[in-house]
Amino acid sequence: MTREQRLKKRYAAEKRFRFLGIGAIAISIFFVCLLLFKVFSTGSTAFIKTTIMTEVDFNKELLELGDVKKPTLKQIKEAEFYDVTYKAATGLFPYKNDEEEKGVKTLLSGNYEIEIKNYLLNNPELLGQKVTIELTASDDLDQLHKGNFPRDIPEDRRRLNNFQLNVYDNLVEQGKIGTAFGNYFFFHGDSRDPEIAGVAGAVIGSFFSIIICLMIAFPIALMAAVYLEEFAPKNTFTDIIEININNLAAVPSIVFGLLGLGMLLSVFGLPRSTSLVGGITLSLMTLPTIIIACRASLKAVPPSIREGALAIGASKVQTVCHHVVPLAMPGTLSGTIIGLAQALGESAPLLLIGMVAFVVDVPSVPTDPSTSLPVQIYLWSESAERGFVEKTSATIMLLIGFLVIMNSLAVWARQKFERKW
Amino acid sequence: MKKLNFVLSLLVAIAISGVASARDQIKIVGSSTVYPYATVVAEKFGKSGFKTPVIESTGTGGGMKLFCAGVGTQHPDITNASRAIKSKEKALCAKNGVKDIVEIVVGNDGISFAHSVKAKDMNFTREQLWRALAHDVEIDGKMVKNPYKKWSDIDKSLPNKGIKILVPPPTSGTRDAWNSLVMKKGCTKAAKAAYKAQGIKPKKGCRKLREDGLAVEAGENDTLIVNKLAGDPDMFGLFGYSYLVANKDKIKATKIEGKKPSLASIQDYSYPIARPLFFYVKKAHIGTVPGIKEYLKEFTSKGTMGPKGYLTDIGLVPLDSKSYKKTRTAGTKLKTIKLN
């Protein structure tokens, strides 16, 4: 082999190596894009809802307010809305029998009575007038309008019957079907009606869990890391502790759920299904991760800083508190945020402490029963109604969004406060 | 350190207040088959002024375990079940002081043996289903390890397609009901006799599933099963009737001994694998946790579980009028069941 040939061979080897590297990156980007495309294409429609323009007659007689001259808000609130809502719903289309009547009524969401009532409460001056209101449509109609339900299959396999399809086509012709911002998705708790189900309860539950997780895990992890790194003698005992911490970081999360069930619920008797217990369990899970991150960043502080402080007469505690820990903060913070992001996406341990539950009321304190975002994804993916498919994907989008924000925060914190030596 | 002390004391305070304060919200656990019905009722109930009950889908067996763990607000008030309470569970309840239990029959459900709408209609007998699923079958009087790979191996009239069945996990009440209605009833006499001769309880032997990968345990996620069935026309799965109703554009039920699951055939039990659904209420909690009585009233009212009630819209098969009366009295008068 001549020199040229050997050189050519080495160039070729380098080219192959580079190609493999680019290939690896391309494959991973491809899979991420596939996932994102799937989630975004099915989920993006959940942020808008289908509405039906419905004529509502706020007749005083029908509201049983006929003999009241100037009804107060309280009187309107307690008025009988049955006739008004019934007339509004069934007035969408003329029907012949009970079955068709039900067919017309079920085109509106299960919440239409409350929507009509709230509309009047917000606009009390409309009492006695006929107005056209935008009401939320049922999930079957919603899915049909968004094109997720096929129309060309036999009637007995469709969720909407021929009569309802006819009504829908008529309403579309009259321009009564519209779309609006999906307020329920953001501001409502869980529901069995997909059109009014929302993630507010899950978002608040996740928020409480993460805050509790931070409050417990961060101080304990920081103290443990500082002691182990700065004060502890290097002997077999501390070596065993170190091995154990590294081990715990790799323990499957479900094990921490069992710990939460056995300790927090059974021994301490904390309330089941609450974000308080969820937060404590998640803090146990993220503790080792944060300790490892904290220790790594403490280790990265150059010894000269410590020696300098000691040389001018600072005590060991002063050295650590005034110099080492503040300088290690960027790494500590980003480690903590990444640990919390991991906790935010966790659902397995929550299963065992009862947070995988149907919770309608949005929690107001950490001791209220609640779910969390990943749990909500799991629950909706399990529901039979088709409307939940897009809600599931939309919740995944939301969760990915939160994770991206938290991870960028970690990067930002590290770059902003980082000191170069 | 001050911060740490503060955080710890705050947590202890929250913990103590959480334990001390009485629960003002009904807690329900149990079957994933009853879950869709219970959640709809709970949501409606929550709009009537009470707090909406919290419902966990734990499977019938898991729910019974939690329910029977004791009396007190840390334990659930109600457990849903897709089969009747077992004597073992009754004993557990009695042991832990849960003495007064009210049994409510919610309605009927037909276990649907379903496949993709793209596949050809089929009809199975229970014996054929048992032969397709059992670990050991008897052929010409001899017990052998299940040799059937294709449906046509079991019976010439069945199609020449591979056997592929998704079954729910053992903690599921649907699986229990399937075991007693199909695996036990479909088990041939010769096989039962052979098990007896070996000293194995026929009930236990007959329900043992084959382990060669043709019957797959698929977990409690019924929607996942529906999607798998829709993607593979040769695959079969089993679940409650409500999933069939909600996904009728994707899947259809096979006939069992000539009968399709429908409102009528499930209600009069002419569909061979129909079963009642239940929930059980801890009487000791009535009065401690507000709303249990009212929840029972709402659930057992005609507008809810009657022939035209809103639960029928999502696939519950209502009780006949005689059973309805019985369950309504149990719900309003709080009649308890015997524990031994």
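All figures in this text were calculated on a predicted structure; none of them were measured in a lab.

K.L.:
Explain the overall build of chain A here, please?
P.N.:
Looking only at helices and strands, chain A has 17 helices and 4 strands in total. For the C-alpha atoms alone, the extent of chain A along its principal axes is close to 90 × 70 × 40 Å. Residues classed as buried in chain A amount to 41% of the 421 residues present. Excluding contacts between residues fewer than 6 apart, the proportion of contacts in chain A whose partners are at least 24 apart in sequence is 76%.

K.L.:
What's the story with unusual backbone geometry in this structure? I'm lost.
P.N.:
Leave glycine aside and you will find that most residues have negative phi; peptide bonds, for their part, are mostly trans. All names here are of chain B. Notably, glutamate 257 is not glycine yet its phi reads approximately 50°, a positive angle. Looking at the secondary structure, you find glutamate 257 in the loop between strand 13 (255-256) and helix 12 (263-267). A tally of 15 C-beta atoms within 10 Å means that glutamate 257 is categorised as partly exposed. Positive phi is not limited to glycine here, since tyrosine 269 has a value of about 60°. Here tyrosine 269 lies in the loop between helix 12 and strand 14 (274-282).

K.L.:
What should I look at first to understand the interface of chain A and chain B in this one?
P.N.:
Counting residues at the interface gives 31 residues for chain A, matched by 30 residues for chain B. Every element with two or more residues in the side of chain A that touches chain B is listed here: helix 9 (200-231), strand 4 (357-358) and helix 16 (373-382) of chain A. Bridge count for strand 4 of chain A against strand 2 (residues 54-56) of chain B is 2 bridges, and the pairing is antiparallel. Within strand 2 of chain B, the position partnered with phenylalanine 358 of chain A by the bridge is isoleucine 55 of chain B.

K.L.:
I would appreciate a short explanation of the domain arrangement of chain A in the present structure.
P.N.:
In many reports, interface size means the accessible area that the parts give up when they come together. All names here are of chain A. Here chain A is described as being made up of domain 1 (3-44), domain 2 (48-196) and domain 3 (200-417). Taken together, the contact pairs 4 residues of domain 1 with 6 residues of domain 3. Partitioning the side of domain 1 that touches domain 3 into residue classes produces 2 nonpolar, 2 polar and no charged.

K.L.:
Can you walk me through the pairing of strand 14 of chain B in this structure?
P.N.:
Regular strands have side chains that alternate between both faces of the sheet. All names here are of chain B. When you tally the buried positions in strand 14, you get 8 out of 9 residues, the bulk of the element. Both strand 3 (residues 78-81) and strand 14 contribute to a ladder of 4 bridges, which runs antiparallel. Pairing of isoleucine 78 across the sheet is with valine 281, part of strand 14. Where strand 4 (residues 101-110) lies against strand 14, 9 bridges are found, and the strand directions are antiparallel. Residue pairing for strand 14: isoleucine 101 is matched across the bridge by lysine 282.

K.L.:
Hey, could you run me through the packing of helix 14 (residues 316-344) of chain A against helix 17 (residues 387-417) of chain A in this one?
P.N.:
A packed helix pair is summarised by two numbers, namely the angle formed by the two axes and the spacing between the axes. All names here are of chain A. Orientation of helix 14 relative to helix 17, taken along the N-to-C sense of each, is 175°, at an axis distance of 8 Å. Between helix 14 and helix 17, the angle falls in the class roughly antiparallel. For the pair formed by helix 14 and helix 17, the contact residues are Met329, Pro330, Gly331, Leu333, Ser334, Ile337, Ile338, Leu340, Ala341 and Leu344 on the first element and Phe402, Leu403, Met406, Asn407, Leu409, Ala410, Ala413, Arg414 and Phe417 on the second. When the residues that make up the contact of helix 14 with helix 17 are grouped by side-chain class, the tally is 15 nonpolar, 3 polar and 1 charged.

K.L.:
It is not clear to me how the environment of glycine 97 of chain B should be interpreted in this structure. Could you clarify?
P.N.:
Residue and element names in this part refer to chain B. Examined against the element boundaries, glycine 97 turns out to sit in the loop between helix 4 (87-95) and strand 4. Here the alpha-carbon distance between glycine 97 and glycine 70, two residues 27 residues apart in the chain, equals 6.0 Å. In contact with glycine 97, not counting residues within four places along its chain, are Gly70 and Val71.

K.L.:
I'm lost on the sheet that holds strand 11 (residues 236-239) of chain B in this one. Help?
P.N.:
Strands pair in a sheet through their backbones, by hydrogen bonds, and they do so in one of two ways: parallel or antiparallel. All names here are of chain B. Reading across from one edge, 10-9-11-5-12 is the order of the 5 strands in this open sheet, with mixed pairing throughout. If you trace the sheet from one side to the other, it starts and ends with strand 10 (215-217) and strand 12 (251-253), each paired once. The mean angle between the axes of side-by-side strands here comes to 35°, regardless of whether they run parallel or antiparallel. Sheet topology places strand 9 (residues 165-167) next to strand 11; 2 bridges connect them, and they run parallel. Among the inter-strand pairings, isoleucine 165 is bridged to a residue of strand 11, identified as phenylalanine 236.

K.L.:
Whenever I open this one, the nonpolar core confuses me. Can you help?
P.N.:
The nonpolar side chains of a soluble globular protein tend to be buried, and buried together. One finds Cys213 and Ala221 of chain A together with Val106, Phe279, Tyr280 and Val281 of chain B to be the most contacted residues of the largest nonpolar core, which totals 153 residues. The element best represented in this core is helix 9 of chain A, accounting for 16 residues. Ignoring anything within four residues of it in the chain, the contact list for valine 106 of chain B reads Val34, Tyr37, Leu277, Phe278, Phe279, Met305 and Leu316 of chain B. Counting 25 residues, the second-largest nonpolar core is a separate cluster that includes Phe58, Ile116, Val167 and Leu171 of chain A.

K.L.:
Help me understand the sheet that holds strand 4 of chain A, please; the structure alone is not making it clear to me.
P.N.:
As summarised here, the arrangement of the 6 strands in space is 4(A)-2(B)-1(B)-3(B)-14(B)-4(B), forming an open sheet in which the pairing is mixed. Strand pairing shows two members of the sheet lacking a second neighbour, strand 4 of chain A together with strand 4 of chain B, which therefore form its edges. Bridge analysis of strand 1 (residues 27-30) of chain B against strand 3 of chain B gives 3 bridges, and the strand direction is parallel. When the bridges of strand 3 of chain B are listed, glycine 30 of chain B appears paired with asparagine 80 of chain B.

K.L.:
Can you walk me through the environment of glycine 345 of chain A in this structure?
P.N.:
Residues and elements named next belong to chain A. Relative to the assigned elements, glycine 345 resides in the loop between helix 14 and helix 15 (348-352). The class for glycine 345 is partly exposed, based on 17 C-beta atoms found within 10 Å. Along the sequence, glycine 345 and leucine 373 sit 28 residues apart, while their C-alpha atoms lie 7.6 Å from each other. Here glycine 345 is in contact with Pro374, Leu399 and Leu403, once residues within four sequence places are set aside.

K.L.:
Please clarify how helix 5 (residues 112-122) of chain A should be interpreted in this entry.
P.N.:
Count 3.6 residues to each turn of an α-helix, and residues three or four apart come out pointing the same way. Residues and elements named next belong to chain A. Every buried residue of helix 5 is listed here: Tyr112, Ile116 and Leu120. Down the axis of helix 5, the buried set is contained in an arc of 75°. They therefore lie on one face. Along helix 5, exposed side chains directed more than 90 degrees from the buried face belong to Asn118, Leu121 and Asn122. As for helix 5, its buried residues are in contact with strand 1 (48-57), helix 2 (73-77), helix 3 (82-90) and strand 2 (130-136).

What counts and what doesn't
Residues numbered from 1 in each chain as written. Chains lettered and ligands numbered in written order. Predicted model: local features only at pLDDT ≥ 70, side-chain atom pairs only at ≥ 80, totals over all residues. Helix = DSSP H or I, 4+ residues; strand = E, 2+ residues; numbered from the N terminus. Buried ≥ 20, exposed ≤ 12 C-beta atoms within 10 Å, placed from the backbone. Contact = placed C-beta atoms within 7 Å. Pairing = 2+ DSSP bridges. Domains from an automatic or database assignment. Nonpolar A, V, L, I, M, F, W, Y, C, P; charged D, E, K, R; others polar. Axes fitted to C-alpha atoms, helices over the stretch in contact; angles between N-to-C directions. Parallel < 35°, antiparallel > 145°, perpendicular 65-115°, else oblique. Core = buried A, V, L, I, M, F, W, Y, C linked by C-beta atoms within 7 Å. Arc of directions from axis to C-beta.

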